Amino acid sequence: MSSASKSSSELIREVRSHEVAIAELNSLSSEKVVYQRNGALFFRSTVPKAIAAEQKQMESAKAKLQKLTSP
């Protein structure tokens, strides 16, 4: 499903999912290696890079939700 056709409830679910992922990543040591999903593949990354990517995705989902809910 494309992001343009997502409903507000799906976007809210996506934002919450990113919030949980950020909280879990914050609980890890910054030296820890994590795997970050990029499309259908996973790549090794650092915790700070993974947090930044999740925050960027969360902000994008919040912006889409705001566009959808604004008059």
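Provided above is the structure to which this section pertains.
Each value, and the rule that gives it
- For every chain, the first residue of its written sequence is number 1, and the numbers climb from 1 along that sequence.
- Local features are withheld for residues below a pLDDT of 70 in this predicted model, meaning they are given only at 70 or higher, and side-chain atom pairs are given and counted only at 80 or more; totals for whole chains, interfaces and linings count all residues.
- Hydrogens and waters are ignored; side-chain quantities use all the structure's heavy atoms.
- Each helix is a run of DSSP H or I of at least 4 residues and each strand a run of E of at least 2, with the numbering of both proceeding from the N terminus.
- Every residue pair with non-hydrogen atoms within 4.5 Å of one another is taken to be in contact.
- Each accessible area is a Shrake-Rupley result for a 1.4 Å probe, and residues are judged covered by the shown protein chains and nothing else.
- Charge counting treats Lys and Arg as positive and Asp and Glu as negative, with His and both chain ends excluded.
- For charged residues, the charge sits on one atom: NZ in Lys, CZ in Arg, CG in Asp, CD in Glu.
- Relative accessibility decides the category of a residue: with a 1.4 Å probe and only protein chains considered, values under 20% of the type maximum give buried, values over 50% give exposed, and everything between is partly exposed.
- Polar contact is defined as a pair of N or O atoms within 3.5 Å, subject to the rule that within protein one atom must be able to donate a hydrogen and the other to accept it, and that residues adjacent in sequence are counted only when both atoms are side-chain atoms.
- DSSP-based pairing: two strands are paired if at least 2 bridges between them are found.
- For helices, the axis comes from a line fit to the C-alpha atoms of the stretch in contact; other axes are also lines fit to C-alpha atoms, and the angle between any two N-to-C directions lies between 0 and 180 degrees.
- Angle categories: roughly parallel below 35 degrees, roughly antiparallel above 145, roughly perpendicular from 65 to 115, and oblique for all the rest.
- Take the far helix as the reference: if the near one is turned anticlockwise from it by less than a right angle, the crossing is left-handed, and if turned clockwise, right-handed.
- Gly is put with the polar residues, along with every residue not named as nonpolar or charged; the nonpolar set is Ala, Val, Leu, Ile, Met, Phe, Trp, Tyr, Cys and Pro, and the charged set is Asp, Glu, Lys and Arg.

## Some thoughts on the overall build of the chain
- Secondary structure assignment for the chain yields 2 helices and 2 strands.
- Going from the N terminus to the C terminus, the chain shows its helices and strands as α-β-β-α.
- Taking the principal axes of its C-alpha atoms as reference, the chain extends roughly 45 × 25 × 15 Å.
- Restricting the contact set of the chain to residue pairs at least 6 apart, pairs at least 24 apart contribute 49%.
- Total accessible area on the chain stands at roughly 5400 Å², and carbon and sulfur atoms take up 54% of it.
- Side chains of the chain give 11 positive and 7 negative charges; the mean places of these two sets differ by 5 Å.

## Focus on the environment of arginine 16
- Inspection of the secondary structure puts arginine 16 in helix 1 (residues 8–26).
- Arginine 16 sits in the exposed class, given a relative accessible area of 55%.

## A look at the side chain of histidine 18
- Among the secondary structure elements, histidine 18 is positioned in helix 1.
- For histidine 18, the residues in contact, after removing those within four places along its chain, are Glu54, Gln57 and Met58.

## Considering the side chain of serine 45
- Residue position: serine 45 is located in strand 2 (residues 41–46).
- On the basis of relative accessibility, which here comes to 11%, the residue serine 45 falls in the buried class.
- A distance of 3.2 Å separates polar atoms of two side chains, one belonging to serine 45 and the other to glutamine 36.

## Considerations on the pairing of strand 1 (residues 33–38)
- The pairing of strand 1 with strand 2 spans 6 bridges and is antiparallel. When the sheet's bridge partners are listed, tyrosine 35 is paired in strand 2 with arginine 44.
- Joining the antiparallel neighbours strand 1 and strand 2 is a turn of 2 residues, in which glycine 39 adopts a positive phi near 75°.

## Quick look at the packing of helix 1 against helix 2 (residues 47–69)
- Viewed as axis vectors pointing N to C, helix 1 and helix 2 meet at an angle of 160°, and their least axial separation amounts to 9 Å. On the basis of the axis angle, helix 1 is roughly antiparallel to helix 2. In this structure, the crossing between helix 1 and helix 2 has a hand that is left-handed. Two secondary-structure elements touch here, helix 1 through Ser8, Leu11, Ile12, Glu14, Val15, His18, Glu19, Ala21, Ile22, Leu25 and Asn26 and helix 2 through Val47, Ala50, Ile51, Glu54, Gln55, Gln57, Met58, Ala61, Lys62, Lys64, Leu65 and Leu68.
- Considered class by class, the residues forming the contact of helix 1 with helix 2 number 13 nonpolar, 5 polar and 5 charged.

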